[in-house]
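# Working through the structure, step by step
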Amino acid sequence: MSEMISTSGLTKKFKELVAVNQVNFRVAEGQVAGVIGPNGSGKTTLFNLLSGYFPPSEGQVTFQGEDVTGQPPEARVAMGMARTFQLVSVFDHLTVWENLVLSNVRFRHNGSWLTNFFFKNARKKAILEYCQESLDTVALSDQAGTVTSELSYGDKRMLEIAIALSLKPKLLLLDEPLAGLSDHEIGEVIELLQKVKSDFTLVIIEHKISKIMDLVESLSVMNEGAIICEGEPDEVLSNTDVRECYWGREDC
Amino acid sequence: MNLSVTQSVFPVGPANRLLVFRDMAIIAASFLVMAIFLPMYWLTDFAIFCILVLSFDLLYGYMGHLSFGHMLYFGAGGYAASLTLLHLAPNPFLAIAVGVVSGALLAAIVGFVVVRTEGAAFALVNLAFNQIGFWLVLSGLQDYTHGEDGLPSTVEAIGFLDFYDTPVAFGFMLICLILVFWLLKSLVSSPFGIMIKSIKENEDRVKFLGYNTLRYKWLTFVIAGTVAAFAGVLYALVKGFVAPGDVSPLENTRIIFSVLIGGAGNLYGAIVGAVAFELITNLLATTIARWEMILGLMLLGLVFWFRKGITGYTYELFLKMGRRAPAAD
């Protein structure tokens, strides 16, 4: 399988703090990869570097064989990279429907940056259908007209995933998609991801390791900004260093 | 696929179009009713000021970018119109065309610089450009603008359209206001409107949807500047002259004040705020010597206690009444 995304010597320093330190991370096309690690280990910083939220201090990010280190987030999204955020990030003042219109308009037809927004009735019908499809995917059809700030946290998370899916990603980066959700909501998100994971390459940061064990095909463990272990999930979790950093020495 | 639910919440549906026409009728009716009680030349000025405040609300209320330099485009429109009338032909439609295009071009050039800044920097960089424009009118381009003396903008009547006939001028400005309202309402109700509201809420997040936000911020800035220039042209046509005061950065406070009074991010609010501000200043100025002090106190009150403005609180009141009604049943 060809590589979807890779990094070489990726480093991010915030003054004295080295949040990500010489990380070489690789995900193959079509793979479902998990990234775990204790709080402050640099997982979200790694995602921020992959998605272009901020530039690295050193190193390189390659997406589908192309160096994207200097590319802004919108360019990476246009190339097929989508992400969600640790704290759900949707537009609270817009309705659920408007959130989806915004994400669907850009990616559902090949107009220019200007004509995308002043589309004709024929194209408008297509956008309506795409938005409806997105709503159906996450079972939020009955909330279409609701202002997003009034949704439950779980529904906001589903909406955020629907927005990411509507971008038709080749690579989807999910930053703790299960955080703050009830067991029932976690089940819904996992079921959705199981259903759609074959459409793209997926990388998930998650604390609830047991919940994603059936989903991921490989696991990388971060500690103090570096990847300390990677491989198949069972092997990784039985590694002594991983158990020590994740659960503490006494649990090993 | 059943689209009936979603079509009703799609921002540019036929139902919304009817609501826009209803709003346009309400604006027209309100101005006609006010014409019974207030001098018509006041209302002509009110309508022009409403257009200016509407343009500012697009930038500040919808996109969340507070500018202290919006008068630059109002003045640019006015001066371009006057120069056209003086040197090309005394034709109002030619003056409108040249004035609007000049404002659009100026906003397009300045926009390239200012949309790269945010927050206080955006406000102050705009103020700096406004100050430069003010200086050019007053001194730098004195040979063309006649400095402090200002420029005459005499226009000839075309058929019944005589800008020095007060009822005709009022009717023309009211039609212009309604057209601008329709244009901006269509814009903010479209996916483009969703985009600029999203930039206000979380610009970084918009970038992660694949949008180059600079382009949309620039376009919004140009549209706001163009509409402000249109207001400037209308002002020049009605007044018959333009003066440096029409480009003065100090005048920006009137626009900001109006949006705050009416409620930002709401086109109705811009109109209500502009009319309320003009009424307050016109009435206060004739009764109280230091009326600016009252205005200052009002601004403090607005900022600390009434941030949603007249329309914001009216909307909340309607919502509360709507919620009580089923309970009473």
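Just so it is clear, the model here is predicted, and its values are computed rather than measured.

## Thoughts on the overall build of chain B
Counting secondary structure elements, chain B contains 14 helices and two strands. Taken across its 329 residues, chain B has 47% of its residues classed as buried. Long-range pairs, those at least 24 residues apart, make up 79% of the contacts in chain B with a sequence separation of at least 6.

## Here we look at the overall build of chain A
Counting secondary structure elements, chain A contains nine helices and 11 strands. Seen through its C-alpha atoms, chain A measures out along the principal axes to roughly 60 × 40 × 35 Å. Going through the 252 residues of chain A one by one, you find that 42% of them count as buried. Sequence separation of at least 24 residues holds for 65% of the intrachain contacts in chain A that already meet a minimum separation of 6.

## What to know about the packing of helix α5 (residues 92–114) of chain B against helix α10 (residues 213–239) of chain B
With their axes 7 Å apart at the nearest point, α5 of chain B and α10 of chain B run at an angle of 145 degrees to one another. As for how α5 of chain B packs across α10 of chain B, the hand of that crossing is right-handed.

## Quick notes on the sheet that holds strand β8 (residues 171–175) of chain A
All names here are of chain A. Taken together, the six strands give an open sheet; going across it, the order is β7-β8-β9-β4-β10-β11, and neighbouring strands pair in mixed fashion. Only two strands of the sheet have a single partner each, and these edge strands are β7 (81–83) and β11 (226–231). The average undirected angle you get between the axes of adjacent strands in this sheet is 20 degrees. In the sheet, strand β4 (residues 32–36) pairs with strand β9 (residues 201–205) via four bridges, with the strands oriented parallel. If you follow V32 over to β9, its bridge partner there is L202. Contacts between helix α1 (residues 43–51) and the sheet are confined to β4, β7, β8, β9 and β10 (218–223), with β8 contributing the most and set at about 150 degrees to the helix.

## Describing the nonpolar core
In terms of nonpolar packing, the biggest core is built from 164 residues, with C50, I51 and L54 of chain B touching the most fellow members. Sort the elements by how many residues they give to this core and α10 of chain B lands first, with 16 residues.

## Re unusual backbone geometry
All names here are of chain A. A positive phi is found at E176, a non-glycine position, where the angle reads about 45 degrees. The residue E176 is located in the loop between β8 and α6 (183–196) in this model. Positive phi outside glycine occurs at E224, with the angle close to 50 degrees. Checked against the element boundaries, E224 lands in the loop between β10 and β11.

## Quick word on the pairing of β8 of chain A
Residue and element names in this part refer to chain A. Burial runs high along β8: five of the five residues are buried. The two faces of β8 match: L171, L173 and D175 on one face and L172 and L174 on the other face are all buried. Across three bridges, β7 lies against β8 in parallel orientation. If you follow A82 over to β8, its bridge partner there is L172. Direction of pairing for β8 relative to β9: parallel, over a ladder of five bridges. Looking across to β9, one finds that L171 is bridged to T201.

## Focus: α10 of chain B
Residue and element names in this part refer to chain B. Between its first and last C-alpha, α10 extends 39 Å over 27 residues, near the 39 Å set by a 1.5 Å rise per residue. In terms of residue burial, α10 counts as a mostly covered element, since 22 of its 27 residues are buried. Of the residues flanking the end of α10, it is G240, one or two places downstream, whose phi is positive at about 85 degrees.

## Some thoughts on the packing of helix α4 (residues 71–87) of chain B against α10 of chain B
Residue and element names in this part refer to chain B. Relative orientation of the contacting elements α4 and α10 amounts to 50 degrees, with a least axis distance of 6 Å. One element, α4, and the other, α10, form an angle in the oblique class. Where α4 crosses over α10, the handedness of that crossing is right-handed. Seen from α4, the contacting residues are Y73, F74, G75, A76, G77, G78, A81 and S82; seen from α10, they are G225, A228, A229, F230, A231, G232, V233, Y235, A236 and L237.

## A look at the environment of R215 of chain B
Within the secondary structure, R215 of chain B is located in helix α10. With 45 residues separating them along the chain, R215 of chain B and L260 of chain B place their C-alpha atoms 27 Å apart.

## Here's the deal with the environment of Y315 of chain B
All names here are of chain B. Along the chain, Y315 turns up in helix α14 (residues 309–328). For Y315, a count of 16 C-beta atoms within 10 Å translates into the label partly exposed. For the pair Y315 and L127, spaced 188 residues apart in sequence, the C-alpha separation works out to 33 Å.

## Structural notes on the confidence of the model for chain B
Residues and elements named next belong to chain B. Residues at a pLDDT of 70 or more form 93% of chain B, whose mean pLDDT is 89. Here helix α1 (residues 4–9) stands out as the least confident element of chain B, with mean pLDDT 40; α5 is the most confident, with 97. Scored below 50 in pLDDT, residues 1–13 shows 29 contacts in the model against residues more than four places distant or in partner chains. Confidence drops under a pLDDT of 50 for residues 325–329, and excluding neighbours within four residues, the segment shows zero contacts in the predicted structure.

## Details of the environment of N104 of chain A
All names here are of chain A. Along the chain, N104 falls in helix α3 (residues 96–107). Residue classification places N104 among the buried residues on the basis of 25 C-beta atoms within 10 Å. A sequence separation of 123 residues divides N104 from I227, and the C-alpha atoms of the two residues are 36 Å apart. Setting aside chain neighbours within four positions, we find N104 in contact with I127, Y130, C131, S134 and S166.

About the cut-offs
- Residues numbered from 1 in each chain as written.
- Chains lettered and ligands numbered in written order.
- Predicted model: local features only at pLDDT ≥ 70, side-chain atom pairs only at ≥ 80, totals over all residues.
- Helix = DSSP H or I, 4+ residues; strand = E, 2+ residues; numbered from the N terminus.
- Buried ≥ 20, exposed ≤ 12 C-beta atoms within 10 Å, placed from the backbone.
- Contact = placed C-beta atoms within 7 Å.
- Axes fitted to C-alpha atoms, helices over the stretch in contact; angles between N-to-C directions.
- Left-handed = near helix turned anticlockwise from the far one by under 90°.
- Pairing = 2+ DSSP bridges.
- Core = buried A, V, L, I, M, F, W, Y, C linked by C-beta atoms within 7 Å.
- Expected span 1.5 Å × (residues − 1).
- Parallel < 35°, antiparallel > 145°, perpendicular 65-115°, else oblique.
- pLDDT = per-residue confidence, 0-100.

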